[in-house]
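Take a look at the letters that make up each chain.
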Amino acid sequence: MRWIYDKFLKIGKKLRFFSVMKPALLLFLAIFLNLPLSGLSMNGSTTRPATVHVGAIFSHNTTIGRVAKVAIDAAVRDVNADPSILRGTKLAVEMQDSNCNNLIGVVQALQFMETDIVAIIGPQSSVIAHVISHVSNELRVPLVSFAATDPTLNSLQYPFFVRSTQSDLFQMAAVADLVDHYQWNQVIAIFIDDGHGRNAVTSLGDKLAEKRHMISSKAALRPGATSSDIMDLLVKVALMGSRIIVLHVSPDIGIKIFSTARYLGMMSNGYVWIATDWLSSLLDSSTPLDATTMETMQGVLSLRQHTADSKLKSMLISRWSQLIKNEKAENFKLNSYGLYAYDTVWLVSHALDAFFSDGGRVSFSNDSNLHDAEGGSLHLEAMSVFDQGQVLLDKILSTSFDGVTGKVQFDHERNLIQPAYDLINIVGTGWRTIGYWSNYSGLSIVSPEKLYEKPANLSTSNQQLLSVIWPGDTMAKPRGWVFPNNGNVLRIGVPKRFSFRQFVSVSSDGNDINGFCIDVFTAAVNLLPYPLPYRFVSYGNGHENPSYTKLAEMVALGEFDAAVGDMSIVTNRTKIVDFTQPYAESGLVIVTAVKKSNSGAWAFLQPFTWEMWCVTAFSLLFIGAVIWILEHRLNDEFRGPPRKQIVTVFWFSFSTLFFAHRENTVSTTGRMILIIWLFVVLIIQSSYTANLTSILTVQHLRSPVTGIDNLVASDEPIGFQAGSFTENYLAEELGISRSRLIALGPPEDYVRALELGPNNGGVAAVVDELPYIQLFLSTQCKFAVVGSAFTRNGWGFAFPRDSPLAVDFSTAILTLSENGDLQRIHDKWLSTDACSSDINELDSESLQIRSFLGLFLICGVTCVLALLIYFVTVICQYLRHCPSKEANSPVVGRSRCRRSLRRFFSFIDEKEEDAKNRSKRKKMQQQEESSVVDSGSLNTHSSNQSSVGFSSTISP
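Computed from a predicted structure; not experimentally measured.

(A) Examining the overall build of the chain more closely. Helix and strand counts for the chain come out as 30 helices and 33 strands. Partitioning the contacts of the chain with sequence separation of at least 6, the portion at a separation of at least 24 is 72%. Entry remark: accessible area of the chain is about 47100 Å², with carbon and sulfur atoms responsible for 56%.

Now the structure itself:
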C-alpha cells in the first residue's frame, strides 16, 4: 500500500494539476484500497507502517532465556491486542538463539542489520552486548537489554545501548553494604573469568573500598569449568583466611560449586556464602529443586531484583501456566528477568508509538563507509543505517509507564529509577526474605516502595535485617575469618633494644626473647580461638635502640607479618599499619634534677604568692575603711579624735583575720559587709593553714623547669631516648630546634646528662615516655617528673592494614585487662622498690590570686554598692537638714564652693543623732522667732488704728 501511494505521488508530481487533485487522489486511494484515513497524513509526509520489526538475541536454553522467550511472546501478543498502543501497527519480534555462543550471537546481530530492524532486544552475554553496541552505534539502531548487567556497558561508551534491567553496579553495592552491615573486613570473590565476571568483581572491589573493606582474593573460573577445575579452586579457597565468599557465576556452575563445597566441608559453621541474583533466578524459575541440591546451599544468602507487587504482575503470574502450555515448553516458573523481558517489549512499543505520533518514519540508507575489504565476502554493504534511530532512542529514554516490574523510567545516567534488591536466605526446601536493599536507604526490613515515600535515611541505626540462619544451622553471626591453613608461619618482628630491656629483651643469638611486651603477646595468643603459628624475628643490632617507625614500615611492606614490642601508637604509624587495643598507657613526660626541702626561715610566707599577700593586705585596709565610713555617724566606737579613729580602723581590719574584733556594727550595710568579709577570711585562713601544713610536713621538690611550656621557651638542651618518636615530636610538633635535642641511650646516660646540667655539657631535662620514666625513677630518687604528661597515647601490636588479626588481638587484650592478667604481667616485669614513693610530679606552687578572685570580686562589689547607698542617703539628709544659707551671701566663686564643702564634710563628721537634734532645735528656734515677729506686727497694727480714730475725733 505504501508502494502504491508513493507511485501515485511520483505520477502526480509530473502532472501540473497535482496540487488541485491531491485531496481527491487521497480520498480515492482511501476508498479504493480500503485504507484508514488516519493512516495517511494529509501532507503526504508520513504514515504508520503496517508492521514494525524488532530483533531479539539471547540464549533460549538457559535459566534466563527459557523464561524470557515466553515472556517476550506474551508481551508481543498483549501489545498487538491493545489498540491504544501502536494504533494499527503490528509489532513483530524476530528472536534468534545465540546458543551461549558469542560468535553466533554476533553473526545473528549483523544479519539483523541487513533487515529493517528498528531495535534489538537482548542479549544476555556481555561479550555480544559489547560487540553489538559498537555496531548499533554506527547504524543507529537502539540496543535494549533486559539481561546484560555488565557495569561497563554505559551510555558514555555506547550511546545506543539501553539497559532495561538493574546494573551489576547496584548489585555489588548491595553486597558491599551487606558485608559492612556484619562488619566483615575481607571477602573472597569467585567468578567466571569473562568480561562480565571481571567487570562485576572490579565494581565489587570499588564498593568495598568505599567502606574500608576489601577483596582478599579473586578466584576465577574459566567458562565451562569442569568439576575438577572447581575442586582445585575450592581447595585453594579453603586454605585462605577469609570465610566470606561472594559467588558470581552462572547457575549450572554455581550448583556444582555448592555441591563441591559441601563435600569439602565448606558449607559448615564459620562460612558465609553470598550468591548474586543468578541463584534467586534459578530458584524462582525452576520447579522445586531436589532435596539433595537444596541441602548443598543451606544458609546461603542471595540477591533478587526487587519488583513491586502490583495487579499487572499478579495477572501475568496467574497467566504463566497457560503461557507455557501455549509455547509447549517445559514446566518452569517466572523469574525477575522474565518480568524485565516482558516490560522491555512494552518499553519499545511505547517508544515506537511516541515515535510515530511525532512524525517518525522507518527508513534506512546505505553507508558508503561500510564495505568489504578487497577480496572479502561479508557483504557489509548490505547493512543499512536507521535514519531516525536517534529519535527512537530519545523516545525510549523518555518513556515512562507502569509495568509488571513497577515504574519503568530512566534517570539522567540511563539507569532505571529506584534500583532495589530482595535479600533472601536459603533455609530448608525454600527461602525466606530477610530484608531489602535500595540505592535510596540501604539495608532495611521495610519494602523500598514505602521507603521512597519518606526522606532518605542511611544512618547506621536504620540499617536493619532480620535474623539469618547461617551455614552449619547456626544463628550466631560468623566471625568471617580464621587463620589461613596454608602452612605459613607468621614472622613477628621484635625490636632488639639496647636499653630498658625489661620491656623487650633479645639475646645475642636471637633465640631467647622475653620481656613485658612478649609476655602480653603470648598471653593474647593463648586466648585466640584458633592456633596461630608464629616465630619471632629480631630487628636491630643490639648496640642501639632501633627505629620503631622503620619497623612499622617493614610491616606495611610485608617483610614482617606483625611487630611486637613497646611500639607507641602515633599518627604517622597508624597511616600505614593497624594497631591493636593499647595494652599499656603511655605519654611524654619531663624528668629533671630537683632540689628537695621541707621548710625555711620564711616558710610561713610560702602558702601565698606576693601578689596574694598584697591583695589580702589591701583588702583588709579597704574593708576597715568601708566599715568606718558606714559606722562613723552611728557608732560611738568609731568616733573620737583622728588618731584614735586611725588606730581603730587598723585594729578592726587585722582583728577580723582572727575573728577577734571587739567593735560592734550597728548599721545594716555595715553588718552585711562584715558577714561577707568574714566568709572570705574563713576561706583564706583555711587555705593558708592547709598549704602551710603541707609545706612544713611534706618534702617538696624544686626545679627551674616547671613544664613543657617553660622548657620550650628556654634555649637549654633536652635529652630524649634514641630510636623513639620523641625527637620528631619535639622538633615537628613543638618547633624545638634539633640542635637542642640530644639522643641518650641507657638509663646511665640519663643520670649523667641530668647531673651535669645544661651548663656543663648535660641537659636541662629528659623527655621520654611514661613507662620508661617510671622504671627509671624507681631506682633514681634524686630526679622527678615535673608538670604533667603532654601527650596521650599507648603501646600496641602492629599488623598490616585491614588484618583481621588486629581485631582478634584487641579482643584478647581487653580480656587480659578484665581478668587481671595484664596487671600481673606488669607487676612481674616492672615492679618498683621503695624509692618509687618519691616519683611524684613537682608539687603545686604557692596559692595565687586567681584561686580567690571570685571571693574578692564579690566582696568588692558589695562594698561599692554599700558606699553608694550610704552617700546617697547622707546627701539627702544634708539637703534636708542643712539648707543653704549662702543664697544671698555676697561671697561668690571658689570661696563659696570651699565653704560648702567644709559644711558638707562637717555634716558627715557629725554624729547623725546630733545632726538631727541640731536640726530640730534650729526649727524650733525659727518657729519662736517667727511667732515673735508675728506678735510685734500685730501690736503695731493696733496702735495705728487707735491713732487714726483719735485723729478723727479731734478733727473739726
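Anyway, onward from the coordinates.
(B) View of helix 8 (residues 227-238). Over its twelve residues, helix 8 runs 16 Å from end to end, which matches the ideal 16 Å to within 8%, given 1.5 Å per residue. For helix 8, every residue scored as buried is listed here: Ile-230, Leu-233, Leu-234 and Val-237. Down the axis of helix 8, the buried set is contained in an arc of 95°. They therefore lie on one face.

(C) Summary view of the environment of Tyr-440. Within the secondary structure, Tyr-440 sits in the loop between strand 16 (430-438) and strand 17 (442-444). The partly exposed category is assigned to Tyr-440, whose relative accessible area is 24%. With 14 residues separating them in the primary sequence, Tyr-440 and Lys-454 have C-alpha atoms 10.0 Å apart. Once you skip the residues sitting within four places of it in the chain, Tyr-440 turns out to touch Leu-451, Tyr-452, Lys-454, Pro-455, Ala-456 and Leu-458. Of note is the side chain of Tyr-440, whose polar atom sits 2.6 Å from the backbone oxygen of Lys-454.

(D) Region of the structure containing the sheet that holds strand 25 (residues 588-593). Across the sheet, five strands lie side by side as 29-28-30-25-31; this open sheet has mixed pairing. Two strands in the sheet have a free side with no partner beyond their single neighbour: strand 29 (741-744) and strand 31 (783-786). Within this sheet the neighbouring strands show an average axis-to-axis angle of 35°, counted without direction. Strand contacts of helix 24 (residues 747-756): strand 25, strand 28 (718-721), strand 29, strand 30 (765-769) and strand 31, with the helix running at about 150° to strand 30, the strand carrying the most contacts.

(E) Quick peek at the pairing of strand 8 (residues 244-248). Most of strand 8 is tucked away: five of the five residues are buried. Here strand 8 shows a buried face lined by Ile-244, Val-246 and His-248 and a second buried face lined by Ile-245 and Leu-247. The pairing of strand 6 (residues 186-192) with strand 8 spans four bridges and is classified as parallel. Its bridge partner lying in strand 8, Ala-189 is registered against Val-246. Note that strand 8 and strand 9 (residues 272-275) share four bridges and pair parallel. Looking at strand 9, one finds that Val-246 is bridged to Ile-274. A crossover links strand 8 with its parallel partner strand 9, the connecting element being helix 9 (residues 251-263), and its sense is right-handed.

(F) Just the nonpolar core, in detail. One finds Val-54, Ile-72, Leu-91, Phe-146, Trp-320 and Leu-352 to be the most contacted residues of the largest nonpolar core, which totals 74 residues. Residues within four places of Leu-352 in sequence aside, it is in contact with Val-52, Val-54, Leu-86, Leu-91, Val-118 and Leu-392. Judged by nonpolar contacts, the second largest core, of 53 residues, contains Leu-532, Leu-744, Val-766 and Ala-812.

(G) Examining the sheet that holds strand 2 (residues 90-97) more closely. Strand order in this open sheet of five strands is 2-1-3-4-5, and the pairing throughout is parallel. Here the strands that pair on one side only, and so sit at the sheet edges, are strand 2 and strand 5 (161-163). Pairwise comparison of adjacent strand axes, ignoring direction, gives a mean angle of 25° for this sheet. Relative to strand 3 (residues 117-121), strand 1 (residues 51-58) runs parallel, the two being bridged by three bridges. Directly across from His-53, in strand 3, lies its bridge partner Ile-117. Running at roughly 165° to strand 2, helix 3 (residues 63-81) makes contact with strand 1, strand 2 and strand 3 of the sheet.

(H) Quick look at the packing of helix 19 (residues 610-631) against helix 20 (residues 642-655). Their axes nearest at 8 Å, the elements helix 19 and helix 20 cross at an angle of 125°. Accordingly, the angle class assigned to the pair helix 19 and helix 20 is oblique. As helix 19 packs across helix 20, the resulting crossing turns out to be right-handed. Taking contact as the criterion, the partners of Leu-620, Leu-621, Gly-624, Ala-625, Ile-627 and Trp-628 in helix 19 are, on helix 20, Gln-645, Val-649, Phe-650, Phe-652, Ser-653 and Phe-654. In terms of residue class, the contact of helix 19 with helix 20 is built from nine nonpolar, three polar and no charged.

(I) Representation of the pattern of salt bridges in the model. Inspection of the entire model under this criterion finds 22 salt bridges. In this structure, Asp-808 engages Arg-479 in a salt bridge whose closest nitrogen and oxygen atoms are separated by 3.9 Å. Placement of Asp-808 in helix 26 (residues 804-819) and of Arg-479 in the loop between helix 15 (448-451) and strand 18 (490-495) is noted, with a sequence separation of 329 residues between them. We classify Asp-808 as buried; its relative accessible area is 11%.

(J) The arrangement of unusual backbone geometry in detail. For the bond running from Gly-122 to Pro-123, omega is 0°, close enough to zero to count as cis. Along the polypeptide, Pro-123 turns up in the loop between strand 3 and helix 5 (126-139). The residue Arg-87 is not glycine, and still its phi comes out positive at about 50°. You can call Arg-87 partly exposed: its relative accessible area is 44%. One non-glycine residue, Arg-212, lies in positive phi territory at about 65°. The exposure class assigned to Arg-212 is exposed, which follows from its relative accessible area of 52%.

(K) Seen up close, the packing of helix 8 against helix 9. As a packed pair, helix 8 and helix 9 sit with axes 10 Å apart at the nearest point and diverge in direction by 55°. Of the possible angle classes, the one that applies to helix 8 and helix 9 is oblique. At the point where helix 8 passes helix 9, the crossing takes the right-handed sense. Mapping the contact onto sequence places Ser-227, Ile-230, Met-231 and Leu-234 in helix 8 and Ile-253, Lys-256, Ile-257, Thr-260, Ala-261 and Tyr-263 in helix 9.

(L) Here's a closer look at the confidence of the model for the chain. The pLDDT averaged across the chain works out to 82; a share of 81% of its residues lies at or above 70. Of all the helices and strands in the chain, helix 2 (residues 18-32) carries the lowest mean pLDDT, 41, while strand 9 carries the highest, 97. Taken as a whole, residues 1-45 scores under 50 in pLDDT and shows 35 contacts with residues more than four places along the chain or in a different chain. Taken as a whole, residues 836-844 scores under 50 in pLDDT and shows 22 contacts with residues more than four places along the chain or in a different chain.

(M) Region of interest: the packing of aromatic side chains. Taken as a whole and assessed by the stated rule, the structure comprises 34 aromatic pairs. Members of the aromatic cluster, each reached through a chain of ring pairs, are Phe-516, Phe-521, Tyr-534, Phe-536, Tyr-583, Phe-797, Phe-799 and Phe-809.

(N) View of the environment of Gly-761. Structurally, the position occupied by Gly-761 is in the loop between helix 24 and strand 30. With a relative accessible area of 63%, Gly-761 lands in the exposed category. With 44 residues separating them along the chain, Gly-761 and Pro-717 place their C-alpha atoms 8.8 Å apart.

(O) Summary view of helix 6 (residues 168-181). Between its first and last C-alpha, helix 6 extends 20 Å over 14 residues, near the 20 Å set by a 1.5 Å rise per residue. Of all the 14 residues making up helix 6, eleven are buried; the element is thus mostly covered by neighbouring parts of the structure. Where helix 6 starts, the residue carrying a side-chain oxygen 3.1 Å from the main-chain nitrogen of Leu-169 turns out to be Ser-167. Where helix 6 ends, the next residue or the one after it, Gln-183, has phi of about 55°, a positive value.

(P) Spotlight on a nonpolar patch on the surface. A cluster of nonpolar side chains, contributed by Leu-857, Val-861, Leu-865, Leu-868 and Val-872, occupies part of the molecular surface with about 470 Å² of accessible area. For Val-872, the position within the fold is in helix 28 (residues 853-881). For Val-872, a relative accessible area of 45% gives the class partly exposed.

(Q) Representation of the pairing of strand 15 (residues 420-427). Counting buried positions along strand 15 gives seven out of eight residues, so the element sits mostly inside the fold. As judged from the five bridges shared by strand 10 (residues 301-305) and strand 15, these two strands associate in the antiparallel manner. Bridged to Ser-302 within strand 15 is Ile-424. In terms of strand pairing, strand 15 meets strand 16 through eight bridges, oriented antiparallel. From the neighbouring strand, Asp-422 faces strand 16, where its bridge partner is Tyr-436. Counted between consecutive antiparallel strands, the loop separating strand 15 from strand 16 contains two residues, among which Gly-428 sits at a positive phi close to 65°.

(R) Inspection of the environment of Ile-590 at higher detail. Relative to the elements of secondary structure, Ile-590 occurs in strand 25. Among the residues examined, Ile-590 registers a relative accessible area of 1% and is labelled buried. A sequence separation of 128 residues divides Ile-590 from Ile-718, and the C-alpha atoms of the two residues are 9.6 Å apart.

Parameters and conventions
- Note that residues are indexed from 1 along each chain, following the sequence as it is written.
- Side-chain atom pairs in this predicted model are given and counted only at pLDDT of 80 or more, local residue features only at pLDDT of at least 70, and totals for whole chains, interfaces and linings cover all residues.
- With hydrogens and water set aside, each side-chain value is computed from the structure's full complement of heavy atoms.
- Helix and strand labels come from DSSP, where a helix needs a run of H or I of at least four residues and a strand needs a run of E of at least two; each type is numbered from the N terminus.
- Contacts were defined at the residue level, with two residues in contact if any of their heavy atoms lie within 4.5 Å.
- Per-residue and other accessible areas follow the Shrake-Rupley method at a 1.4 Å probe size, with only the shown protein chains counted as cover for residues.
- What a helix is expected to span follows from its residue count: subtract one and scale by 1.5 Å.
- Only protein chains enter the calculation, and the probe is 1.4 Å; a residue is then buried if its accessible area is under 20% of its type maximum, exposed if over 50%, and partly exposed in between.
- Each C-beta atom gives one direction from the helix axis, and the arc is the one those directions make.
- Pairs of N or O atoms within 3.5 Å make up the polar contacts considered here, provided that, within protein, one atom can donate a hydrogen while the other can accept it, and that residues adjacent in sequence are counted only when both atoms are side-chain atoms.
- Strand pairing is assigned whenever DSSP detects at least two bridges linking the two strands.
- In this analysis, axes come from line fits to C-alpha atoms, helices being fitted only over the stretch in contact, and the angle between any two N-to-C directions falls in the range 0 to 180 degrees.
- Crossovers are marked right-handed if the path from the first strand over the helix to the second runs clockwise, as seen with the strands pointing away from the viewer.
- Nonpolar cores are built from buried Ala, Val, Leu, Ile, Met, Phe, Trp, Tyr and Cys residues. Side-chain atoms within 4.5 Å join them into one set.
- Working rule for angles: under 35 degrees goes down as roughly parallel, over 145 as roughly antiparallel, 65 to 115 as roughly perpendicular, anything else as oblique.
- Each helix crossing is assigned a hand: it is left-handed if the near helix lies turned anticlockwise from the far helix by less than a right angle, otherwise right-handed if that turn is clockwise.
- Each residue gets one of three labels, nonpolar for Ala, Val, Leu, Ile, Met, Phe, Trp, Tyr, Cys and Pro, charged for Asp, Glu, Lys and Arg, and polar for the others, Gly among them.
- Within this document, salt bridges are pairs made up of a side-chain nitrogen of Lys or Arg and a carboxyl oxygen of Asp or Glu, the two lying within 4 Å of each other.
- Per-residue confidence from the predictor is reported as pLDDT, a score between 0 and 100.
- Ring pairs are drawn from Phe, Tyr and Trp, using the six-membered ring of Trp, whenever the two centres fall within 6.5 Å, and their geometry is named by plane angle: stacked under 30 degrees, edge-to-face over 60, tilted for the rest.
- Only residues above 30% relative accessible area that lack a salt bridge enter a patch, with like-charged residues linked at up to 9 Å and the nonpolar side chains Val, Leu, Ile, Met, Phe, Trp and Tyr linked at up to 5 Å.

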